[in-house]
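Geometric and topological summary
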Amino acid sequence: MISERRTAILNLIVEHYIKTGEPIGSKTLCLLLPYSVSSATIRNEMAYLTELGYLEQRHTSGGRVPTKLAYRYYVDNLMQESEISEYNKDRIYEILSVNSGDYERLLSDAAKLISQYTNCAGFCCMLEDSLDCIKGVDLISAGGKKAMLVMLTVGNKIKSSLINLPCKLDDEYRYIFYEVMNRLFIGKPLSEVNTSLVQSSLLIARERTFDLLPVLTSLCSLCSEASQSTLNIEGETNLLSHEELGSEVYRLLSVLADKKKIISLIKDFSSSDSKSVMLIGDENPLYDIKNTSTILSKFTYGNNQRAVLGMIGSTRIDYKEVIPYVKYIIDVVDSILEVQNG
């Protein structure tokens, strides 16, 4: 159990280090504490907090800095969250409302807002759904022999591709295209759309099979893309300003660019019972991000599709400023999805 005085000292050390990045000594703490106490007493208290694992002294003659354990204690017990202005609340809600019917864009907008308001990296991940099917497909003329293929899934994923056709997109071409779509592709699970299904179209398209081939091949690619977990990361370069990361920032950026490890972390979290979680330092199961603070929150939308929204920054982020914004953005996304899901 940490006494009231030790709690006050720890709180000052954490907030001073978050603000300045510099260790703090007993003499400075004497001036900051709201009551009179000697430097010797403060040194003793700091030594005790160090034994408990909340502080560390990086240099023999230097002051103390908080450990990752101290950040966790600060977030759970000491931090007083800052208020978000009504202007910023309205602006966030307005931006997120624009794409309220397009879940991928909604979550992407949320990740972008997280990166802007926290100066960290924001991310969203649409998790794969083995039961997702093709709901509709359209082919729109783009002039000449070009066309835009647009696919909508039952899980409300929208994918599109610009295609070069071997012929004009006339009425006959449209008729054959929609006939093939309705008989072979609509309602088909994304995982079952493959070259074998394309070959089956020969019986319907006959002599126009060659003309349809670019469209069908592109549709296979769109289904393959839509059937996988997709991770969108915003504001990675913000991490370059997080001095606490030091040279580790380049390894972190490499992990974010590769995406596979982060997706694995997200999938593990999505199968847990927690709706939201904040992982500080060594609480992160992924070794490459053990010097970060990571927030994860999951959502269910549409036909039981799943997604995760989150943030990643150094352990020295300004928690009382960052956490309220991430929470608010998550709450707004939650409320929008709740309305959309009925």
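Treat the numbers as computed from the prediction; the structure is a model and nothing was measured.

Another point: the packing of aromatic side chains. The full count for this structure, using the stated rule, is six aromatic pairs. Ring centres 5.6 Å apart and planes at 40° place the aromatic pair Tyr 71 and Tyr 319 in the tilted group. Note that Tyr 71 is positioned in helix H4 (residues 68-78) and Tyr 319 in helix H13 (residues 319-340), a separation of 248 residues in sequence. Here Tyr 71 and Tyr 319 have matching classes, each one buried. By way of ring pairs, the aromatic residues Tyr 71, Tyr 74 and Tyr 319 are connected into one cluster. Above the face of the Phe 269 ring, Lys 298 is positioned so that its terminal group lies 5.3 Å from the ring centre. Geometry around Tyr 17 places Arg 316 over its ring, the cationic atom sitting 5.6 Å from the centre.

With that out of the way, let us pick up the pattern of salt bridges. Two side chains that carry opposite charge are able to pair once their charged atoms sit near each other. According to the stated counting rule, one finds 18 salt bridges in the structure shown. Taking the shortest distance from any N to any O, the salt bridge between Arg 5 and Glu 45 comes out at 2.9 Å. Note that Arg 5 is positioned in helix H1 (residues 4-20) and Glu 45 in helix H3 (residues 39-51), a separation of 40 residues in sequence. We classify Arg 5 as partly exposed; its relative accessible area is 33%. With a relative accessible area of 7%, Glu 45 lands in the buried category. Taking the shortest distance from any N to any O, the salt bridge between Asp 282 and Lys 68 comes out at 3.7 Å. Taken together, the residues span a long stretch of sequence, with Asp 282 in the loop between strand S8 (276-280) and strand S9 (292-301) and Lys 68 in helix H4 at a distance of 214 residues. The structure contains a network of salt bridges with shared partners spanning Arg 5, Arg 6 and Glu 45.

Let us now look at the sheet that holds S8. Ordered in space as S7-S3-S10-S9-S8, the five strands form an open sheet in which the pairing is antiparallel. Pairing within the sheet leaves two strands with one partner each, and these edge strands are strand S7 (230-234) and S8. Sheet twist, expressed as the average angle between the axes of neighbouring strands with direction ignored, equals 15°. Bridge count between strand S3 (residues 121-126) and S7: five bridges; the pairing is antiparallel. Within the sheet, the bridge partner assigned to Cys 124 lies in S7 and is Asn 232.

A word on the packing of H1 against H3. Look at H1 against H3: their axes get within 10 Å of each other, and the N-to-C directions meet at 80°. One element, H1, and the other, H3, form an angle in the roughly perpendicular class. On H3, the residues touching Arg 5, Arg 6, Ile 9, Leu 10 and Ile 13 of H1 are Thr 41, Ile 42, Glu 45, Met 46, Tyr 48 and Leu 49. Partitioning the contact of H1 with H3 into residue classes produces seven nonpolar, one polar and three charged.

Here we have three strands laid out as an open sheet, ordered S4-S5-S6, and antiparallel in their pairing. Because the sheet does not close on itself, it has two edges, and the strands there are strand S4 (134-141) and strand S6 (158-164). Strand-to-strand twist across the sheet, computed as the mean angle between neighbouring axes with direction ignored, equals 20°. Two strands pair when backbone bridges link them, and S4 and strand S5 (residues 146-153) are joined in this way by seven bridges, in the antiparallel orientation. Residue pairing in the sheet places Asp 138 in a bridge with Val 150 of S5.

Turning our attention to the nonpolar core. Nonpolar side chains tend toward joint burial in soluble globular proteins. One finds Leu 10, Leu 96, Leu 309, Tyr 319 and Val 333 to be the most contacted residues of the largest nonpolar core, which totals 59 residues. Of the residues forming this core, the biggest block, 11 residues, is contributed by H13. Not counting the four nearest positions on each side in its chain, Leu 96 is found in contact with Leu 106, Asp 109, Ala 110, Leu 113, Ile 329, Val 332, Val 333 and Ile 336.

Of note, Asn 156 is a non-glycine position whose phi angle comes to about 65°, a positive value. Tracing the backbone through its elements, the reader meets Asn 156 in the loop between S5 and S6.

So, how was this worked out
- Residues numbered from 1 in each chain as written.
- Predicted model: local features only at pLDDT ≥ 70, side-chain atom pairs only at ≥ 80, totals over all residues.
- Heavy atoms only, no water.
- Phe/Tyr/Trp six-rings, centres within 6.5 Å; stacked < 30°, edge-to-face > 60°.
- Helix = DSSP H or I, 4+ residues; strand = E, 2+ residues; numbered from the N terminus.
- Buried < 20%, exposed > 50% of the residue type's maximum accessible area, 1.4 Å probe, protein only.
- Lys NZ or Arg CZ within 6 Å of the ring centre and 35° of its normal.
- Salt bridge = Lys/Arg side-chain N within 4 Å of Asp/Glu carboxyl O.
- Pairing = 2+ DSSP bridges.
- Axes fitted to C-alpha atoms, helices over the stretch in contact; angles between N-to-C directions.
- Parallel < 35°, antiparallel > 145°, perpendicular 65-115°, else oblique.
- Contact = heavy atoms within 4.5 Å.
- Nonpolar A, V, L, I, M, F, W, Y, C, P; charged D, E, K, R; others polar.
- Core = buried A, V, L, I, M, F, W, Y, C linked by side-chain atoms within 4.5 Å.

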